[in-house]
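Residues per chain, in single letters:
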Amino acid sequence: MKDRKSKSNLKVVHRNDRAQVKRVLADSGQALLPMLELIEGARASIEELMHEAAVGLVEQLLVLSAQDLAGAKQRGREAGPVLWHGAQRGVIGLAERQLRVQRPRLRDKNGREVRVPAYERLRNHADAATRVRDILIAGVCTRRYAQVLPEAAGTVGVSKSAVSGHFVEASAAQLAQFNERSLIDLKVLVIYIDGIIVNGHHIIAALGVDDAGDKHLLGLSLGASENAQVVKDLLRRLIERGLDATLSYLFVIDGSKALRSAIDEMFGKQARVQRCRTHKLRNVLERLPKTEAAQTKAVMTAAYKLGAKEGMAKLQKQAQWLQREHAGAAALLLEGLEETFTVNALGLPPSLTRCLCTTNIIENPNGIVRRTSRRVTRYRDADMALRWTAAGFIEAQKSFRKIQGVRDLWILETALGRRNSDSDLAEPREAA
């Protein structure tokens, strides 16, 4: 009678009601005495005991679920539409592994298998792939994945191939989510575009900054930044997802001509483009000996702090001085010169120009991509490289903060013609 009473109590226990669970355990506390003896005798760890208790609880729940369909097992009872048909081993999903249990089997009068609802719900845990992805991103390799799990009898599903399968499932789903989600409600002002090479595969990333100063990963695409068609395809998808191509944006890019032509074709002449000054400095200085490099760096750094006309005039004069002995460096200094002063021409304050004149904001996540994928020793194809890159960017996005100078973003909005109402102009946006 006591066993039947315990089973009936279990039926009414809500999974989130700890008070009821405690009352049920108090009513049948004698069942816990063997566990208490094992703990006090130091013959079992709490992980092992909890594991075995979980197996027993799950198996009991499966029996109760089967009873809802077939009724309790009882000799002499008239057979109903659903019949008991023994038991067999089954597997249910936990947070990061799988567990072997004994599950009941049911059949109808025609001999067809009848599914036990509780088992169908538990056997494929919805969060398993996500949990596996988080563990691998944290730096655990697939070969050592089992070492992060509690050591208990009956665990399965921790093989290298099973872990890889879960990661493929989760990372592919996240990549699709980020490359397909709507951008209609996102008021983007700045778009950074840069490339990263992962195991020889070129991947283009687009990152946006909205009017509140928050950063958002907009999309990823396979292909080199030197390929204009690949960049155009990425920008076209952003437009299809809701980015308004009729508005003016500030694009921050490196010196790629393909990037520049793609922006012109997809967004027209209203797009404002800022060339990365860090790339420009590096490209010019690496073509000069140390003595001239130090002096040229000082001139370029000072020129970037001036107004657009004054700064360009200063660098043109420096290029004339370099032309005689370092023609290559002089040509690089003058190439795209006007677009290295776009933020100056827009009249932006120094608080904003520090982060809007370089591609550092999008290059920093690239470092996290390399860190999270450092244990990957063999990429099977370009899609695998893309999925790992997406996983790294998603991990980086968790630590994204507002850009510097967020209080002055209203100045950029005004310069881009994006603040037309008097109320907007009267109330500069404050940092959250």
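Fair warning: this is a prediction, and the values are worked out from it, not measured in the lab.

Cut-offs and rules
- Residues numbered from 1 in each chain as written.
- Predicted model: local features only at pLDDT ≥ 70, side-chain atom pairs only at ≥ 80, totals over all residues.
- Heavy atoms only, no water.
- Helix = DSSP H or I, 4+ residues; strand = E, 2+ residues; numbered from the N terminus.
- Buried < 20%, exposed > 50% of the residue type's maximum accessible area, 1.4 Å probe, protein only.
- Contact = heavy atoms within 4.5 Å.
- Areas by Shrake-Rupley, 256 points an atom, 1.4 Å probe, with all protein chains shown as cover.
- Pairing = 2+ DSSP bridges.
- Axes fitted to C-alpha atoms, helices over the stretch in contact; angles between N-to-C directions.
- Core = buried A, V, L, I, M, F, W, Y, C linked by side-chain atoms within 4.5 Å.
- Phe/Tyr/Trp six-rings, centres within 6.5 Å; stacked < 30°, edge-to-face > 60°.
- Lys NZ or Arg CZ within 6 Å of the ring centre and 35° of its normal.
- Expected span 1.5 Å × (residues − 1).
- Arc of directions from axis to C-beta.
- Salt bridge = Lys/Arg side-chain N within 4 Å of Asp/Glu carboxyl O.
- pLDDT = per-residue confidence, 0-100.
- Left-handed = near helix turned anticlockwise from the far one by under 90°.

Some words on the overall build of the protein
Argument step 1. What the protein contains, in helices and strands, is 19 helices and nine strands.
Argument step 2. By residue count, 42% of the 432 residues in the protein fall in the buried class.
Argument step 3. For the protein, restricting intrachain contacts to residue pairs at least 6 apart in sequence, the fraction spanning at least 24 positions comes to 61%.
Argument step 4. As displayed, the protein offers around 23800 Å² of accessible surface, 50% of which is attributable to carbon and sulfur atoms.

Quick look at the sheet that holds strand β6 (residues 201-210)
Argument step 1. Taken together, five strands build an open sheet; the order of strands is β7-β6-β5-β8-β9 and the sheet is mixed. Whereas interior strands pair on both sides, the edge strands pair on one side only; in this sheet they are β7 (215-222) and β9 (272-275). Here the strands of the sheet are splayed against their neighbours by 20° on average, with no regard to which way each runs.
Argument step 2. Pairing geometry for strand β5 (residues 188-198) and β6, over ten bridges, is antiparallel. When the bridges of β6 are listed, V190 appears paired with V209.
Argument step 3. Across the sheet, helix α17 (residues 382-397) touches β5, β6 and β7, and the angle it forms with β7 is around 175°.

Considerations on the nonpolar core
Argument step 1. V190, Y192, L220, L250, L356 and L412 are the most contacted members of the largest nonpolar core, which totals 34 residues.
Argument step 2. Elements with a minimum of two residues in this core: β5, β6, β7, β8 (250-253), α15 (350-356), α16 (360-372), α17 and α18 (409-415).
Argument step 3. Leave out the neighbours within four places in its chain, and L356 touches V190, Y192, L250, V252, Q274, V343, L348 and L412.
Argument step 4. Grouped together as the second largest cluster of nonpolar side chains are 23 residues, V188, L234, L235 and F267 included.

What to know about the packing of aromatic side chains
Argument step 1. Counted under the stated rule, the structure contains four aromatic pairs.
Argument step 2. Here Y249 and F251 contribute two aromatic rings whose centre-to-centre distance is 6.3 Å and whose plane-to-plane angle is 65°, an arrangement assigned as edge-to-face.
Argument step 3. Residues Y249 and F267 carry aromatic rings whose centres are separated by 5.7 Å and whose planes lie at 80° to one another, so their mutual orientation is edge-to-face. One end of the pair, Y249, is in the loop between α8 (228-240) and β8; the other, F267, is in helix α9 (residues 257-267), and 18 residues separate them in sequence.
Argument step 4. Clustering of aromatic rings is evident, with ring pairs tying together Y249, F251 and F267.
Argument step 5. Over the aromatic face of F341 sits the side chain of R277, whose NZ or CZ is 5.6 Å from the ring centroid.

Remarks on the pairing of β6
Argument step 1. Of all ten residues making up β6, eight are buried, and the element is well covered by its neighbours.
Argument step 2. Connecting the antiparallel pair β5 and β6 is a turn made up of two residues, with N199 showing a positive phi of about 55°.
Argument step 3. Note that β6 and β7 share seven bridges and pair antiparallel. Each bridged residue has a counterpart across the sheet, and for G208 the counterpart in β7 is H216.
Argument step 4. Counting the residues between successive antiparallel strands, the hairpin from β6 to β7 contains four residues, one of them, G213, with a positive phi of roughly 85°.

Some words on helix α11 (residues 290-303)
Argument step 1. An ideal rise of 1.5 Å per residue puts 20 Å on 14 residues; α11 measures up with 20 Å between its terminal C-alpha atoms.
Argument step 2. Of the residues making up α11, those classed as buried are E292, A293, T296, V299, M300 and A303. With its buried residues spanning 130° around the axis, α11 presents them on a single face. The exposed set on the far side of α11, more than 90 degrees from its buried face, consists of K290, T291 and A294.
Argument step 3. Against α10 (277-285), α12 (308-323) and α13 (327-334) lie the buried residues of α11.

Comments concerning the pattern of salt bridges
Argument step 1. Following the criterion strictly, the structure yields 14 salt bridges and no others.
Argument step 2. Across the salt bridge formed by K187 and E413, the nearest N and O atoms sit 3.2 Å from each other. With K187 in the loop between α7 (160-180) and β5 and E413 in helix α18, this pair connects stretches of sequence that are 226 residues apart.
Argument step 3. With a shortest N-O distance of 3.1 Å, K402 and D214 are connected by a salt bridge. One end of the pair, K402, is in the loop between α17 and α18; the other, D214, is in the loop between β6 and β7, and 188 residues separate them in sequence.
Argument step 4. On the accessibility criterion, K402 (27% relative accessible area) is partly exposed.

Focus: the confidence of the model for the protein
Argument step 1. With 65% of its residues at a pLDDT of at least 70, the protein reaches an overall mean of 75.
Argument step 2. Contacts from residues 159-163, a stretch scored under 50 in pLDDT, to residues over four places away or in other chains number eight contacts.
Argument step 3. Note on residues 421-432: pLDDT is under 50 here. Beyond four places in sequence and across chains, it has 16 contacts.

Details of the packing of α8 against α9
Argument step 1. Viewed as axis vectors pointing N to C, α8 and α9 meet at an angle of 35°, and their least axial separation amounts to 8 Å. Regarding α8 and α9, the two cross each other, and that crossing is right-handed. Two secondary-structure elements touch here, α8 through A228, V231, K232, L235, R236 and I239 and α9 through A258, L259, S261, A262, I263, E265, M266 and F267.

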